[in-house]
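Residue-level listing of the chains:
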Amino acid sequence: MDRTAWPDEALIAAAQDGDGRAITALVSGSHPHVRRFAHSLCTTPQDAEDAAQEALIILYRKIGMLRATGALAAWMFRIVRNECVRRAKLAMRHREPLPDRTVPSAEDAALQLLEAGIVADAIAALPAEQRRVLIMRDVQGYSGRMTADALGISTAAMKSRLHRARAAVQEELDRAGGRHGG
């Protein structure tokens, strides 16, 4: 079994049909990816672990709501992002001053959260074929050949989609940051 791959569409379909073993395998197979997403988006390791667990609970309870079996990674990315944002907002409301200056300031944490949210929104807004390539290459760390093969496209097509996706995300970051490219 390839530990870097998301669960396949047959397993997702079986889970959507209510197969208990498939649901368990789906949650288990998604766990490392969800954890990686959470650790890249949440402001603290504890929030990341909590967000990953919450996302897996949502996956378990609501797998039937997933419209397209090929959209699992994007769906989970949005769930994790939303949970990280929720936890950060909650932490900002209940934050006590920290004596250690090595801990990021509330302003730094808010800026990091804002940028993560902008990136997540920009990725979610991409056309599906670009979003899949970007997530596989830049989030999951697949090689170019593995990504192309998994999607059934040529390496050149994969590179083109990846370039367009990265450019669109960068454009959104520039726009959101008030910087106008040139």
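In the annotation of an unreviewed UniProt entry, the entry for the protein reads RNA polymerase sigma factor, and the organism field reads Glycomyces tritici.

Undergrad: Describe the overall build of the protein, and please don't skip the residues or the numbers.
TA: The helix and strand inventory of the protein stands at eight helices and zero strands. Each helix (α) and strand (β) of the protein, taken in turn from the N terminus, gives the series α-α-α-α-α-α-α-α. By element, 52% of the accessible surface of the protein is carried by carbon and sulfur atoms, the whole surface being about 10,900 Å².

Undergrad: Describe the packing of helix H1 (residues 9-16) against helix H2 (residues 20-41), with residues and values.
TA: Across the interface, H1 lies against H2 with an axial gap of 7 Å and an inter-helix angle of 125°. Here H2 runs oblique to H1, going by the angle between their axes. Viewed along their axes, H1 and H2 form a crossing whose handedness is left-handed. Residues Leu11, Ile12, Ala14 and Ala15 of H1 form the contact with H2, whose participating residues are Ala22, Ile23, Ala25 and Leu26. Along the lines of polarity and charge, the residues of the contact of H1 with H2 split into eight nonpolar, no polar and no charged.

Undergrad: I'd like a description of helix H7 (residues 144-151), backed by residues and values.
TA: Along H7, the residues classified as buried are Gly144, Thr147 and Ala148. Down the axis of H7, the sector holding all buried residues measures 95°, keeping them to one side. In H7, the exposed positions angled more than 90 degrees off the buried face are occupied by Arg145, Asp149 and Ala150. Buried residues along H7 sit against helix H6 (128-139) and helix H8 (155-176). Of the residues flanking the end of H7, it is Gly152, one or two places downstream, whose phi is positive at about 70°.

Conventions and cut-offs
- Throughout, a residue's number is its position along its own chain's written sequence, starting from 1.
- Thresholds applied to this predicted model are a pLDDT of at least 70 for local features of residues and 80 or more for the giving and counting of side-chain atom pairs; totals over whole chains, interfaces and linings are not thresholded and use all residues.
- Computation of side-chain values covers all heavy atoms of the structure but excludes hydrogens and water.
- Here a strand is any run of E in DSSP of at least two residues, a helix any run of H or I of at least four, and the numbering for each starts at the N terminus.
- Surface exposure here means Shrake-Rupley accessible area, sampled with a 1.4 Å probe, where a residue is shielded only by the protein chains that are shown.
- Here the axes come from fitting lines to C-alpha atoms, over the contacting stretch only for helices, and the angles between their N-to-C directions go from 0 to 180 degrees.
- By the definition adopted for this analysis, an angle is roughly parallel if under 35 degrees, roughly antiparallel if over 145, roughly perpendicular if from 65 to 115, and oblique otherwise.
- Here a crossing is taken to be left-handed if its near helix is turned anticlockwise relative to the far helix by less than a right angle, and right-handed if that turn runs clockwise.
- Any two residues whose heavy atoms approach within 4.5 Å at even a single point are treated as in contact.
- Gly falls in the polar group here, along with every residue not listed as nonpolar (Ala, Val, Leu, Ile, Met, Phe, Trp, Tyr, Cys, Pro) or charged (Asp, Glu, Lys, Arg).
- For every residue, the accessible area obtained with a 1.4 Å probe (protein chains only) is divided by the maximum for its type, and the residue is called buried under 20%, exposed over 50%, and partly exposed between those limits.
- The arc refers to the directions leading from the helix axis to the C-beta atoms.

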